[in-house]
Amino acid sequence: MYKIYSKTLLLVALLLSSHLIAVSALASKQTKDPPRSLRVAMFNAPPIMIVNQDGNNSGFMVELLETMAQHEGWDIEWVNLNWPEVIPKTLNHELDLIPFIAYSEDRAEYLDYNEEGILTGWGQVFIHKDAKTPENIIGLSGKKVAVIKNEVYGIKLKNLCDLFDIECQFVEVETYKQALSFIESNDVSAAVTSNLVSYSHNNPYVKRTPIVFEPRKVLFATAKNTNNDLLATIDRYTKLWRFDSSSPYYQLKDKYLKGVIEEKTNFPLWLLYSLLVLAGLLVTAALVAILLKKQVKKQTQELEDQSDQIRQIINLVPHMIFATNANGRLILANRYAANFFGIQMSDIEGYCKDDLIKRIPQSTNLFEDESLLLRRDAHAIQKEIETHNIDGHKATLNISKVPFITRYSRIPSIVTVGVDITDSKEYERQIQHMAQHDSLTELPNRLLLNDRIHQSLALTRRYGHSGAVLFIDLDYFKTINDSLGHMAGDKLLQEVAERLQGIIRDGDTVSRLGGDEFIIQLNQLSGDPERAEQSACKIAEKVNFTLAQEYIVNGNKLFSTASIGVVIYPRDAETEESIIQRADTAMYYAKSMGRNRFAVFKKAMEKAVVRKHILEKELRKALAESRFIIRYQPQVNRDGNKFIGAEALLRWSHPTEGIISPVEFIPIAEENHLIIPIGEWVLKQVCYQIKHWLEQYGHSPFITVNLSAVQIRNSDLVNYIKKLLEKTKIPPHLLELEVTETVLLHEARVSVDVLQELKKLGVKLSIDDFGTGYSSLTYLKRLPLDKLKIDRSFVKDIPGDPDSETIIRTVIGMSHDMGLEIIAEGVETKEQLDYLTNERCSLFQGFYFDPPISLEQLEEKYFDNLHHSVLKDPKVVRLEDYSKKTNNK
């Protein structure tokens, strides 16, 4: 024992001697060599680097380096700078050393670093003290973040945001104080810098967040290949002082970084010697154990850091991630999964999948088919599911389940990744709805209608049932649209859509094709096509009745009827295209028959459609070649049935077909607006004919001309008639304009204005077909009328029909009360004439007197007799009388 103790003392003495020799040699070298001058970067980063107002710099790094300088005899020149200036000046050899710099791979290309870390720092995010603390960097999305120019932590945060597609607006500043002051003034929402700043910053408006990242050693650096010996000297002092708790390193750390210094226990020297003696051969084993413990601690710390980084990364993922072991116990879950199941992140490992299913019974499908994955040869499962979260909200997830096997496990764990596609599914649904529905009425459009007709056709073939399509077109909708505006038209269409939906059965379809066209598709009406037709006709009747009821649009009372074409399939058509096409044909047939009715498709209707197209083409040619002629039907009074005027009736003289009735070609002309030039031609012919009669005979009867709805809507009608009267210089009251009651009804607002303007010109105005519409007495009083015409449908059944007699008696009484002339058309018998005369009807027109006749026939029959009665009848105007009247004016 004595020998061992002697050898130990001898060994200690030799070590002390060699240390004293080295120190004396170092001291003698310092006395010989001149002091080394160092230009060191100085920037304000308390508590590591503190720039004081008096010029005396302080801080952990400052005093540590100055202590090394005292031992080495260096002469330090501190160069005050802002951080962004430091590296450029070092590379320009204006600085010899950079203290307090973090290592980065990019900087290592042009800087040399010392090896021993002085401190460990990491990136720290700061926010305003009153702001809500974000849990991770996702909370910085869309916000302004201050970063110090060229600082490694700001660069790293930018890279993280780019990696995870987080949109941040970065504001570069020169110093950390400027960054924190921006937080205080709310110029930015957050700032990032080294965590070491938080030990000494005195800004009470700033607080730290739990967002930390990128731990790095705090080092010294020089320009590449310039001062490697200086860095080696710094490493030597760092190694020596970091293992000595009484060294300047720990003294400065305790001074500037309180709470960071690990307490060290100082053992007495005699106790150390005693332990050396007692330990003996165990010293080597103890050293090995210490080294192993440090390695284990280091690796454990690295694993914990990696684990923390992985957790932080998966928590940033905005989708579900969780893992269960073979027993179904939860071993991993990210924040999305925890929120989905309503559990705390700290309680994750206490749950199993049965617990999760109890919390959300609708989530059972999240754990289906997992038994297939509990084999070593299992493959991943992918599927799309609909489930619910803890709040009951429906979610659509794209699920991927992957078996996870380690080298030590026999049964795999299961990792589940659920990508939330709820929003994208909703967008798909909205896009599909928009593609298949009308935006104005939300009804199915042609695309969806074709699909439903296609499915219905398949069912009719399988089960032998018949279906039907009703093609609905609103009558005079364009009139309402043009007179009241498109917004009123849109509201009317929406109201029509609601009424149609209230008529159909469940399983039937109401669709809007566009404009004022609607389709009703009826499924499985009957196995018998005739009975199916009867059912479809009943619904068509109901549609006609429902749509004819009054509408209130923007405070206006409107009436709109409908023409309907009916097709029974597969009897009348067997494809979607032909069904709609033939229903359209039937609808046009119903419209040609007087509107406000329905028609069932017949084969002959297709011929009518073909004829319509032919007539439309030839009508344009007839207008260009002036193939129209005018027939005149006389009007007489009850005083001896004297001729006082005539109605001008248009006829088409076709080169091969002869005279074509206006009933056939006028609707085509109105539809294509050819009625405007045709109507102007008629007005021009009539006015010049009146002028001719005045010049030839010195007198002229009045002539009545019919106006259509298209002409009423034509803004140039009044101006055209005014110019025509001025050019022909005829008395305006010899021109009588006749408008049907239906036109007045559908052109309510426009017709009043137009008729008022026409009345100012001096022309006469009358209503044709009176009694067939819905006009009220109040509405009639607003119109500047001169005459009412009783429709022929009432005249043909008198005397003998009580209803017709009542209507005629009422109309005649109304006209007398309003001071209007009254004329009955369609008078064909003496009995009708006598009845109307007894009821005080003053004017007559009909085949009893004359059918529509040519101009020559009219002049031959009436103008010789008219010449003798001119002086007696005030309704017949002589040219000299009109000339005197005009000159007096």
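Computed from a predicted model, the values in this text were never measured in an experiment.

Thresholds applied
- Residues numbered from 1 in each chain as written.
- Predicted model: local features only at pLDDT ≥ 70, side-chain atom pairs only at ≥ 80, totals over all residues.
- Heavy atoms only, no water.
- Helix = DSSP H or I, 4+ residues; strand = E, 2+ residues; numbered from the N terminus.
- Buried < 20%, exposed > 50% of the residue type's maximum accessible area, 1.4 Å probe, protein only.
- Contact = heavy atoms within 4.5 Å.
- Areas by Shrake-Rupley, 256 points an atom, 1.4 Å probe, with all protein chains shown as cover.
- Pairing = 2+ DSSP bridges.
- Axes fitted to C-alpha atoms, helices over the stretch in contact; angles between N-to-C directions.
- Salt bridge = Lys/Arg side-chain N within 4 Å of Asp/Glu carboxyl O.
- Phe/Tyr/Trp six-rings, centres within 6.5 Å; stacked < 30°, edge-to-face > 60°.
- Polar contact = N/O pair within 3.5 Å; in protein donor to acceptor, adjacent residues only side chain to side chain.
- Parallel < 35°, antiparallel > 145°, perpendicular 65-115°, else oblique.
- Left-handed = near helix turned anticlockwise from the far one by under 90°.
- Nonpolar A, V, L, I, M, F, W, Y, C, P; charged D, E, K, R; others polar.

Moving on to the overall build of the chain. Each helix and strand in the chain was counted, giving 30 helices and 32 strands. Here the chain, with 889 residues, has 46% of them falling under the buried criterion. Partitioning the intrachain contacts of the chain with sequence separation of at least 6 by distance along the chain shows that 67% fall at a separation of at least 24. For the chain, the accessible area works out to roughly 46800 Å², and carbon and sulfur atoms hold 52% of it.

In spatial order, the strands read E11-E10-E14-E13-E12; together these 5 strands make up an open sheet with antiparallel pairing. Among the strands making up the open sheet, the edge pair consists of strand E11 (330–333) and strand E12 (381–388). Recorded for the sheet is a direction-independent mean angle of 25 degrees between the axes of neighbouring strands. Relative to strand E14 (residues 413–420), strand E13 (residues 394–404) runs antiparallel, the two being bridged by 8 bridges. Bridge pairing in E14 places Ile399 opposite Gly418. Sheet strands in contact with helix H12 (residues 422–436) are E12, E13 and E14, and its direction is about 130 degrees off that of E13.

Moving on to the pattern of salt bridges. With the rule as written, the count across this model stands at 33 salt bridges. Its salt-bridge partner being Lys394, residue Glu386 comes within 3.1 Å of it at the nearest N-O pair. Among the salt bridges present, the one from Glu428 reaches Lys425, with a minimum N-O distance of 3.8 Å. Taken as a pair, Glu428 and Lys425 lie in helix H12 at a separation of 3 residues, close to a single helical turn. A residue is classified by how much of its surface remains accessible, and Lys425, at 28% relative accessible area, is partly exposed. When salt bridges that share partners are traced, they join Glu647, Glu738, Lys789, Arg792 and Glu825 into one network.

Glancing now at the packing of aromatic side chains. Two measures describe an aromatic ring pair: the distance that separates the ring centres and the angle between the ring planes. Counted by the stated rule, this structure contains 17 aromatic pairs. Judged by centre distance (6.4 Å) and plane angle (55 degrees), the rings of Tyr632 and Trp693 are tilted. Pair noted here: Tyr632 is in strand E22 (residues 628–637) and Trp693 is in helix H20 (residues 675–697), with a separation of 61 residues, a long-range link. Each member of the pair, Tyr632 as well as Trp693, carries the same accessibility label: buried. With 5.2 Å between their ring centres and 85 degrees between their planes, Tyr848 and Phe849 make a pair best called edge-to-face.

Moving on, we come to the side chain of Glu63. Here Glu63 lies in helix H2 (residues 60–72). In terms of polar contacts, Glu63 uses its side chain to reach the side chain of Lys255, at 3.0 Å. Every residue in contact with Glu63, bar those within four places of it in the chain, is listed here: Ser58, Leu252, Lys255 and Tyr256.

Tracing the sequence through the fold places Arg446 in helix H13 (residues 446–463). What makes Arg446 partly exposed here is its relative accessible area of 40%. Along the backbone, Arg446 and Leu513 are 67 residues apart, and their C-alpha atoms lie at a distance of 5.6 Å. Apart from residues no more than four positions distant in its own chain, Arg446 is found in contact with Ser511, Arg512, Leu513 and Ile580.

Time to look at the packing of H13 against helix H17 (residues 576–592). In the contact formed by H13 and H17, the axes pass within 9 Å of each other and the chain directions differ by 110 degrees. Judged on the interaxial angle alone, H17 and H13 are roughly perpendicular. Note that H13 runs across H17; the crossing there is right-handed. In this structure, H13 uses Arg446, Leu449, Asn450, Ile453, His454 and Leu457 to contact H17, whose residues at the interface are Glu576, Ile579 and Ile580. Its residues assigned to classes, the contact of H13 with H17 shows 5 nonpolar, 2 polar and 2 charged.

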